[in-house]
Amino acid sequence: MTATYTFDVFSSLDGYGSYDPPGDWGGYWGKQGPELLDHRLALFGNEQRMVFGATTFRQFVSMLASSTEDSEVRDPWVTRMRNMPATVVSTTLEGPLDWPNATVVSGDAVDVVARLKEESEVPLRSHGSLSMNRALMAAGLVDRVQVTIFPVITGQTGADPIFQGAADFDLELIESRTLDGHTLELVYRPTLH
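Below is a short write-up of the structure. (Residues numbered from 1 in each chain as written. Predicted model: local features only at pLDDT ≥ 70, side-chain atom pairs only at ≥ 80, totals over all residues. Heavy atoms only, no water.)

1. With respect to the environment of R80
Definition in use: Here a helix means four or more residues in a row that DSSP labels H or I, a strand means two or more in a row labelled E, and each is numbered from the N terminus. Classification of residues uses two cut-offs on accessible area relative to the type maximum, computed with a 1.4 Å probe and protein chains only: under 20% is buried, over 50% is exposed, and between them is partly exposed. In what follows, a contact means two residues having at least one pair of non-hydrogen atoms within 4.5 Å. Think of a polar contact as two N or O atoms within 3.5 Å of one another; within protein, one of them needs to be a possible hydrogen donor and the other a possible acceptor, and neighboring residues in sequence only count if both atoms come from side chains.
For R80, the position within the fold is in helix α3 (residues 76–82). Given a relative accessible area of 34%, R80 falls into the partly exposed group. With 74 residues separating them in the primary sequence, R80 and T154 have C-alpha atoms 29 Å apart. Excluding residues within four positions of it along the chain, R80 makes contact with L41, F44 and G45. Engagement of the side chain of R80 in a polar contact is seen with the backbone oxygen of L41, the distance being 2.9 Å.

2. Some remarks on the pattern of salt bridges
Where we set the bar: Any Lys or Arg side-chain nitrogen found within 4 Å of a carboxyl oxygen on Asp or Glu counts as a salt bridge.
Using the criterion set out here, one finds 8 salt bridges in the structure. Notably, a salt bridge pairs R40 with D8, separated by 2.7 Å at the nearest N-O pair. Residue R40 is found in helix α1 (residues 34–43), and its partner D8 is found in strand β1 (residues 5–12); the two are separated by 32 residues along the sequence. In this structure, R40 and D8 share a single accessibility class: buried. Among the ionic pairs, R144 bridges to E175, the shortest N-O distance being 3.1 Å. One end of the pair, R144, is in strand β7 (residues 144–150); the other, E175, is in strand β9 (residues 169–179), and 31 residues separate them in sequence. Taking relative accessible area as the criterion, R144 reaches 22% and is therefore assigned partly exposed.

By themselves these figures say nothing about function.
Here it is, written out as structure tokens:
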């Protein structure tokens, strides 16, 4: 049986995964609410394996290292995600990593994730890791694209265009929900067009 792979990403309405200074949005673009945070915690309640590219992994480690226990960076879902088994696909990082249950696997992400999908007994999930996940989508390895769209347009400060340079895909909507009355979560099944 092949494990399901979910590409999970946060986005502004105009398709950016983050923002650059002088943007002063804050985490979640300042739009998090209790429904979103409870839903995220529930998403990470089931057993699964996280898959990260090196850049996103470094960003998570840096954010967590510079945060306090009370900061939004340490929301309960992030703590739960950090404690899940994780595979970090990288040709530049070496272990041991400052992350419990994380293993570095060197090699091409397509080969690594194809092998993980065949061997894993639990679903696979990746949060962020944009360039890696665009390559995995093009290779047909992403089963679900889960996009949480925050109600902001970051035309001046938007950074990290999520699907820039991606292949063309048809998307079948398989789930949708509104959180806190303004944030959308859309889950699609992608098929190369």
